Amino acid sequence: MRTLRIALSSLATRWPSLLGAFLALALGVAMTAVMLLGLAAALDAPPGGGELVSLVAALGTAGGVSAFVSAFVVSSTYSYAVVRRHRELGLLRLAGATRAQVRRTVLAEALLLGAAASATGCLLGRLGAPALVRWLSGVGMAPPGFTPSGAAWPLHAAFWTGLLVALGGVAVAARRAGRVGPLDALRAADLDSGVLTRGRLLLGLGLFLTAAALAGTALATDPADLLHRKTYTTQPMWLICAAGLLSPLLAPPLVRALGLLLPTRLTGYPGRLVPANAAAALRRTGAVAAPVLVAVALTGSLAGALDTVGAARAAEAGARTAADLVVRPAGPAAPLVAALRTVPGVTAVSATAPTPLALVEPDGVTVHSEARAADPAGLAALARLPLLAGSPADLDDDSLVLPAEWGRTVGEPVPVVRADGSRTVLRVAAVLRDGLGDNGLYVTAANAPGARVDRIEARLAPGTDGAAALDRARAALLPYGATVLDRAEGLAPSPAAGRIAWLRTVLVLGLALLYTAIALANTLLTTTGDRRRELALLRLAGATRGQVVRLVTAEAVLVAAVGVLLGCAVAAAQLGAMHAALGVLGAPGPWTLPWRPVGLVAAGALALAALCAAPAAVWMLRHRPVTAAAR
């Protein structure tokens, strides 16, 4: 009880200095609660097919990313909030407090502050959840009738997660606070020493090696797993945590290198202090760089992964077909196929239709999938399937073609359930190499009851003028209302699919980026406010007010740039692993670097650093230097 009274008294006295940590946790819990409430609403909604399943997956991913981002930023913020109290903790030790009492006091403050901030975050999350539901419905990601959930478990999960994050972020710092000596109350220098402890170094290296081991294992056993959304969303988190822990080792050389790029004419003589200040105050540097690191790393990884997988799928789709023309029918396909065969220059036509098909595993489990019904002759003429064994020419009404992931061999009987619920046993005619798109299952029309043709491909004779053949095909199919496209247009991904993919990325990253921006602004205002005495001493040493403001601004921009570089390194490592997986799968795609989203996030972080640091420095310089230095 005595410890709690001391903690309450400390919070009541020092609440302005703890406001930054309170806001960071409250907004982090609110962001997590909003996503979890959206997930609860999706889980409570009536079954709605693939659209609802996709929404649940996207909200689950967004909830995980939100929890990770808030935990990463809050841990850094709370740890720094304890470190900046070395003089106060030294006074407690000087007054007779034991190391255990100091540790318990710090943990009790974190418990009280964390509980209040988590409760506030849950309230904000409950108020913000309807806005998320309206946005999901407005952009078409949610089914009709999608309403906010009244479930309590998302708020419980967000509250206890926030409280654990607060205590976890302070735990190591509290242990360090217990080692503060009485004479630390007299220390005036801001030089950080002992930041990279042995435990921190080993943990950072361990996380880095874990990320490398996970990527290496996946490349050796299941390369396609690195291309799944769940993997390329969570994999960068290992590297982000490793970079954050190793920042005391990585930041000084980056600070010195970037410091050489600072134009002296903008900062004058005090500009030489910019890299020195950033390298000396490593804990402050780490606290400012953390939000930038996580924002850039996640943006580069997720946006880059989306572009990489999309480009690889487009390249794979082009390599799988010899079609020169693609027709999208608006009605029955038989007359279209007959009319297309009469077009001069057309040598082969293949019509395919989607159909549900379930395969029965040896243990009796039924696995639902999507197949395409195709004419064997047309499939053999136009398809360039990545064969491992067998031949698509052997496809008939008693067989199927499937990818290697099903673990079947040519000639093996496979029990299947067709679209109408009827069961049969089909023989494996060919096995395809696993790929990114729908290398998948192929059957004949006899095993696809009710299937409607949605795609017709045609091949032209060598030397045929493609533009003239396209015009002739459009004229021949005009009475049927069909859409005739050339190869490039026919193989292009659907705009609707691309829009949904980007909306999912916005859902996952949107609130997280907004949160990191607020956290960055909050951290810069807090850290600049702690430097009142340092800035006053600079003024007494002869620096002008403008020079001091430019120095603080340049240092903030420099530290944010360090976070940008670390985030880019994490994103590059993640995208490199994905391209290695594509190479192993035999589906190499072009390098698609997300310059635009990463550039926008990086530019926003640098601009925000300048916009927050400069006014804060001006505010700190409002008092006379002699008065401020004496405080």
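Nothing here was measured: the structure is a model prediction, and the numbers come from that model.

Quick notes on the rules
Residues numbered from 1 in each chain as written. Predicted model: local features only at pLDDT ≥ 70, side-chain atom pairs only at ≥ 80, totals over all residues. Heavy atoms only, no water. Helix = DSSP H or I, 4+ residues; strand = E, 2+ residues; numbered from the N terminus. Buried < 20%, exposed > 50% of the residue type's maximum accessible area, 1.4 Å probe, protein only. Contact = heavy atoms within 4.5 Å. Axes fitted to C-alpha atoms, helices over the stretch in contact; angles between N-to-C directions. Parallel < 35°, antiparallel > 145°, perpendicular 65-115°, else oblique. Nonpolar A, V, L, I, M, F, W, Y, C, P; charged D, E, K, R; others polar. Patch = residues over 30% accessible without salt bridge, like charges linked within 9 Å, V, L, I, M, F, W, Y side chains within 5 Å. Areas by Shrake-Rupley, 256 points an atom, 1.4 Å probe, with all protein chains shown as cover. Salt bridge = Lys/Arg side-chain N within 4 Å of Asp/Glu carboxyl O. Phe/Tyr/Trp six-rings, centres within 6.5 Å; stacked < 30°, edge-to-face > 60°. Lys, Arg positive; Asp, Glu negative; His and termini not counted. Polar contact = N/O pair within 3.5 Å; in protein donor to acceptor, adjacent residues only side chain to side chain. Core = buried A, V, L, I, M, F, W, Y, C linked by side-chain atoms within 4.5 Å.

Let's talk about the overall build of the chain
Move 1: From N to C terminus, the chain includes 20 helices and 10 strands.
Move 2: Within the chain, buried positions represent 49% of all 631 residues.
Move 3: Considering only intrachain contacts with a sequence separation of at least 6, the fraction spanning at least 24 residues in the chain is 83%.

Concerning the packing of helix H10 (residues 273–280) against helix H11 (residues 282–319)
Move 1: The interhelical angle for the contact between H10 and H11, taken along N-to-C directions, is 90°, at an axis separation of 5 Å. The orientation of H10 relative to H11 falls into the category roughly perpendicular. Contact residues: Asn277, Ala278, Ala279 and Ala280 in H10; Leu282, Arg284 and Thr285 in H11.
Move 2: Split into classes, the residues belonging to the contact of H10 with H11 amount to four nonpolar, two polar and one charged.

Side note on a nonpolar patch on the surface
Move 1: A cluster of nonpolar side chains, contributed by Leu123, Leu124 and Leu127, occupies part of the molecular surface with about 310 Å² of accessible area.
Move 2: Within the secondary structure, Leu124 sits in helix H4 (residues 99–138).
Move 3: For Leu124, a relative accessible area of 39% translates into the label partly exposed.

Topic: the pattern of salt bridges
Move 1: If you walk through the whole model with that rule in mind, you get seven salt bridges.
Move 2: Each of the salt bridges in this network shares a partner with another, and the network as a whole consists of Glu361, Arg408 and Glu412.

Examining the packing of aromatic side chains
In this description, a pair of aromatic rings is defined by centroid distance and the angle of the planes.
Move 1: By the definition in use, this model includes two aromatic pairs.
Move 2: An angle of 90° between the planes, with centres 5.1 Å apart, marks the rings of Phe159 and Trp160 as edge-to-face.

Some thoughts on the side chain of Arg418
Move 1: Within the secondary structure layout, Arg418 lies in the loop between strand E6 (413–417) and strand E7 (423–432).
Move 2: Although Arg418 lies buried, it forms no salt bridge, and the closest oppositely charged side chain, Asp420, sits 4.7 Å away as judged by the N-O distance.
Move 3: One polar contact links Arg418 to Asn447, side chain to side chain, over a distance of 2.9 Å.
Move 4: In contact with Arg418, not counting residues within four places along its chain, are Pro356, Leu357, Arg423, Thr424, Ala446, Asn447 and Pro449.

Observations concerning the nonpolar core
Move 1: In terms of nonpolar packing, the biggest core is built from 119 residues, with Leu59, Val69, Leu136, Phe146, Ile240 and Leu507 touching the most fellow members.
Move 2: At 19 residues, the largest contribution of residues to this core is made by helix H18 (residues 545–585).
Move 3: Of all hydrophobic cores here, the second largest spans 19 residues; its members include Leu340, Leu460, Leu470 and Ala473.

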